[in-house]
Amino acid sequence: MMNWLETVSLWTIPLLLLIILLHAVVKKVPAYDCFVEGGKDGFQLAVTLIPYLVGMMTAISVFRASGAMDLLLETLKPLLVFLGIPAEIVPLAILRPISGSGALGMASNLIAEYGPDSFIGRLASTMQGSTDTTLYVLTVYFGAAGIRYMGGALKVGLLADLVGIIASIFIVTLVFG
Amino acid sequence: MIHLIWMFMLIAGIVTAMFTGRMEEVTEAIFTGAEEAVVLCFGLISVMVFWLGIMNIMKSSGLLKSFTNMLRPIAVKLFPDVPANHPAMGYILSNISANIMGLGNAATPMGIKAVKELRRLNGDKEEASRSMITLMALNTASLTLIPTTIIAIRMNYGSASPAEIVGTTIFATGCSTIAALCIDRYFYHRKLKKGRI
């Protein structure tokens, strides 16, 4: 199983490239020129993102360093534990939609502390792998495209994250519990 | 709403620091946070240039078009506002496929392109359109088949079976994706009923 998975993930990108290039050859498209032409926007796009990400990541790191994050966790913990979320996993569940690097660090800590094959380890892995950082996704995509009013996007993202957390707990308990 | 979260995190952070005596850490956090963001953006340059270049080959050779045609039945249902032949559709589908295949860094530039095209479709307004919100819902839920990063971490910590969480992850990500789409639809129709569109 593991070898098979490893092979798949190692082969995906090169194979994809091969298919795209062979298709270009068949269609007689000047692939290199197209590549250079298309890539021109890339630098601009990445630079456009700087103010948005600097703003967001500064706020997140202030929020964590000041201890306000811990305070929020302590406040929300009783509620989440009451809803059936294991206390050890609560910080990860709350951090997941806010900070990608923070959540990844938290998940690694949980896996290191409880062991990857423990209930908490498996739950942390599932939770970490099953969703993306909502705040980051919205900041990057809407920031780069110059969208200022996000409509209901944040609400939808956060509610879906909540469903993902509940689904993770449910399935990990069912399969490994 | 996002500016409220931003203000809240900063103000709550600074006020909390007054009581916890962590002003020094907060001052440091301001600059490390800013630095991390710039480093991240510079890391994105290579990824963006590369995948946008590849995207352009696919666009010129017509591969993007055939791919869009293949997935049209689903795409039209998910994004009823986008004309099936519009370039936005190609970018949207590439973004979703890249996410499913676990190519997170390819998904980002394609997603940005998609939102830009959708913005043009929406009369260049600075407001998120219905399709943009659907696309964001799909991206934040991030339907993935193989969560590569977490498998690598599990391997690092000596898991007997690093990939055993693939099944549970697919279930969880499937649930949150379906939930995201349903919630998105629900909000849209509620807004429609209230006559706000």
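Conventions we followed
Residues numbered from 1 in each chain as written. Chains lettered and ligands numbered in written order. Predicted model: local features only at pLDDT ≥ 70, side-chain atom pairs only at ≥ 80, totals over all residues. Heavy atoms only, no water. Helix = DSSP H or I, 4+ residues; strand = E, 2+ residues; numbered from the N terminus. Buried < 20%, exposed > 50% of the residue type's maximum accessible area, 1.4 Å probe, protein only. Areas by Shrake-Rupley, 256 points an atom, 1.4 Å probe, with all protein chains shown as cover. Lys, Arg positive; Asp, Glu negative; His and termini not counted. Charge placed at Lys NZ, Arg CZ, Asp CG, Glu CD. UniProt positions renumbered as here; feature names shortened; annotations may be inferred. Contact = heavy atoms within 4.5 Å. Buried area = accessible area lost by both parts, 1.4 Å probe. Salt bridge = Lys/Arg side-chain N within 4 Å of Asp/Glu carboxyl O. Polar contact = N/O pair within 3.5 Å; in protein donor to acceptor, adjacent residues only side chain to side chain. Nonpolar A, V, L, I, M, F, W, Y, C, P; charged D, E, K, R; others polar. Domains from an automatic or database assignment. Expected span 1.5 Å × (residues − 1). Patch = residues over 30% accessible without salt bridge, like charges linked within 9 Å, V, L, I, M, F, W, Y side chains within 5 Å. Axes fitted to C-alpha atoms, helices over the stretch in contact; angles between N-to-C directions. Parallel < 35°, antiparallel > 145°, perpendicular 65-115°, else oblique. Left-handed = near helix turned anticlockwise from the far one by under 90°.

- Looking at an unreviewed UniProt entry, one finds chain B named Spore maturation protein A and attributed to Alteribacillus iranensis.

- Chain A carries the name Spore maturation protein B in an unreviewed UniProt entry, which gives Alteribacillus iranensis as its organism.

1. Some remarks on the overall build of chain B
Stage number 1. If you tally the helices and strands in chain B, you get nine helices and zero strands.
Stage number 2. N-terminal to C-terminal, the α/β element order of chain B is α-α-α-α-α-α-α-α-α.
Stage number 3. The principal-axis extent of the C-alpha atoms belonging to chain B is close to 60 × 50 × 35 Å.
Stage number 4. Looking at chain B residue by residue over its 197 residues, the buried ones come to 50%.
Stage number 5. Of the roughly 9400 Å² that chain B leaves accessible, carbon and sulfur atoms contribute 66%.
Stage number 6. Here chain B holds 18 positive side-chain charges and 12 negative ones, and the gap between their average locations is 17 Å.

2. Focus on the UniProt feature "domain: Nucleoside transporter/FeoB GTPase Gate" (unreviewed entry) in chain B
Stage number 1. According to UniProt, the "domain: Nucleoside transporter/FeoB GTPase Gate" (unreviewed entry) feature falls on residues 42–152 of chain B.
Stage number 2. Along residues 42–152 of chain B, the helical share is 76% and the strand share 0%, with 24 Å between the first and last C-alpha atoms.

3. Points about the interface of chain A and chain B
Stage number 1. With 98 residues of chain A in contact, the opposing surface of chain B contributes 97 residues.
Stage number 2. For the pair chain A and chain B, the summed buried surface comes to about 8100 Å²; carbon and sulfur atoms form 79% of the total.
Stage number 3. For the pair chain A and chain B, the number of links is four salt bridges.
Stage number 4. Run the count over chain A and chain B and you get 26 residue pairs in polar contact (both at pLDDT 80 or more).
Stage number 5. Considering only residue class, the side of chain A that touches chain B consists of 59 nonpolar, 27 polar and twelve charged.

4. Here's the deal with the side chain of A:Arg122
Stage number 1. Mapped onto the fold, A:Arg122 is located in helix H7 (residues 119–129).
Stage number 2. Residues in contact with A:Arg122, not counting those within four places in the same chain, are A:Pro116, A:Asp117, A:Val172, A:Phe176, B:Arg154, B:Glu164 and B:Ile165.

5. Describing the UniProt feature "domain: Nucleoside transporter/FeoB GTPase Gate" (unreviewed entry) in chain A
Stage number 1. UniProt records the feature "domain: Nucleoside transporter/FeoB GTPase Gate" (unreviewed entry) at residues 47–147 of chain A, using the numbering of this structure.
Stage number 2. Across residues 47–147 of chain A, helical content stands at 76% and strand content at 0%; the span's end C-alpha atoms are separated by 16 Å.

6. Structural notes on the environment of A:Gly151
Stage number 1. For A:Gly151, the location among the structural elements is in the loop between helix H8 (134–145) and helix H9 (153–176).
Stage number 2. For A:Gly151, a relative accessible area of 53% gives the class exposed.
Stage number 3. Apart from the residues lying within four places of it in its own chain, the contact partners of A:Gly151 are B:Ala128 and B:Ile133.

7. Thoughts on the pattern of salt bridges
Stage number 1. Applying the stated criterion across every chain, the model contains nine salt bridges over all chains.
Stage number 2. B:Arg154 is paired through a salt bridge with A:Asp117; the nearest N and O atoms lie 3.3 Å apart. With B:Arg154 in helix H8 (residues 148–156) and A:Asp117 in the loop between helix H6 (100–114) and H7, this pair bridges two chains.
Stage number 3. With relative accessibility at 0%, the residue B:Arg154 sits in the buried group.
Stage number 4. On the accessibility criterion, A:Asp117 (28% relative accessible area) is partly exposed.
Stage number 5. Where salt bridges share partners, they join A:Asp117, A:Arg122, B:Arg154 and B:Glu164 into one cluster.

8. Section: the UniProt feature "transmembrane region" (unreviewed entry) in chain A
Stage number 1. Taking the UniProt record as the reference, the feature "transmembrane region" (unreviewed entry) is found at residues 43–63, 75–95, 133–151 and 158–176 of chain A.
Stage number 2. Across residues 133–151 of chain A, the secondary structure splits into 63% helix and 0% strand, with the terminal C-alpha atoms separated by 18 Å.

9. Quick notes on the UniProt feature "transmembrane region" (unreviewed entry) in chain B
Stage number 1. Summarizing the sequence annotation, UniProt attributes the feature "transmembrane region" (unreviewed entry) to residues 6–25, 37–58, 88–112, 133–153 and 165–188 of chain B in the numbering used throughout.
Stage number 2. Between the C-alpha atoms that bound residues 88–112 of chain B the distance is 10 Å, and the span itself is 88% helix and 0% strand.

10. With respect to the domain arrangement of chain A
Stage number 1. The domains assigned to chain A are domain 1 (1–47) and domain 2 (67–176).
Stage number 2. Here domain 1 of chain A and domain 2 of chain A have C-alpha centroids that lie 32 Å from each other.

11. As for helix H2 (residues 31–48) of chain A
Stage number 1. Under the 1.5 Å per step criterion, the end-to-end length of H2(A) is 27 Å for 18 residues, consistent within 8% with the ideal 26 Å.
Stage number 2. By the burial criterion, the buried members of H2(A) are A:Cys34, A:Gly38, A:Gly39, A:Gly42, A:Leu45 and A:Ala46.
Stage number 3. Turning to H2(A), the residues buried within the fold contact helix H3 (50–65) of chain A together with helix H2 (23–61) and helix H6 (104–121) of chain B.

12. Quick word on a nonpolar patch on the surface
All names here are of chain B.
Stage number 1. A cluster of nonpolar side chains, Trp6, Met7, Ile11, Ile14, Val15, Met18, Phe19 and Met23, forms an exposed patch at the surface whose accessible area comes to about 780 Å².
Stage number 2. Looking at the nonpolar patch element by element, the count peaks at seven residues for helix H1 (residues 2–20).
Stage number 3. Residue placement: phenylalanine 19 occurs in helix H1.
Stage number 4. Given the relative accessible area of 73%, phenylalanine 19 is considered exposed.

13. Quick word on the packing of H8(A) against helix H7 (residues 130–141) of chain B
Stage number 1. It is at 9 Å that the axes of H8(A) and H7(B) come closest, and there the two elements cross at 140°. As summarised for this structure, H8(A) and H7(B) are arranged oblique, according to the angle between their axes. Remark: the crossing between H8(A) and H7(B) carries right-handed chirality. Here H8(A) contributes A:Thr134, A:Val137, A:Leu138, A:Tyr141 and A:Phe142 to the contact with H7(B), which in turn contributes B:Met132, B:Met136, B:Asn139 and B:Thr140.
Stage number 2. Along the lines of polarity and charge, the residues of the contact of H8(A) with H7(B) split into six nonpolar, three polar and no charged.

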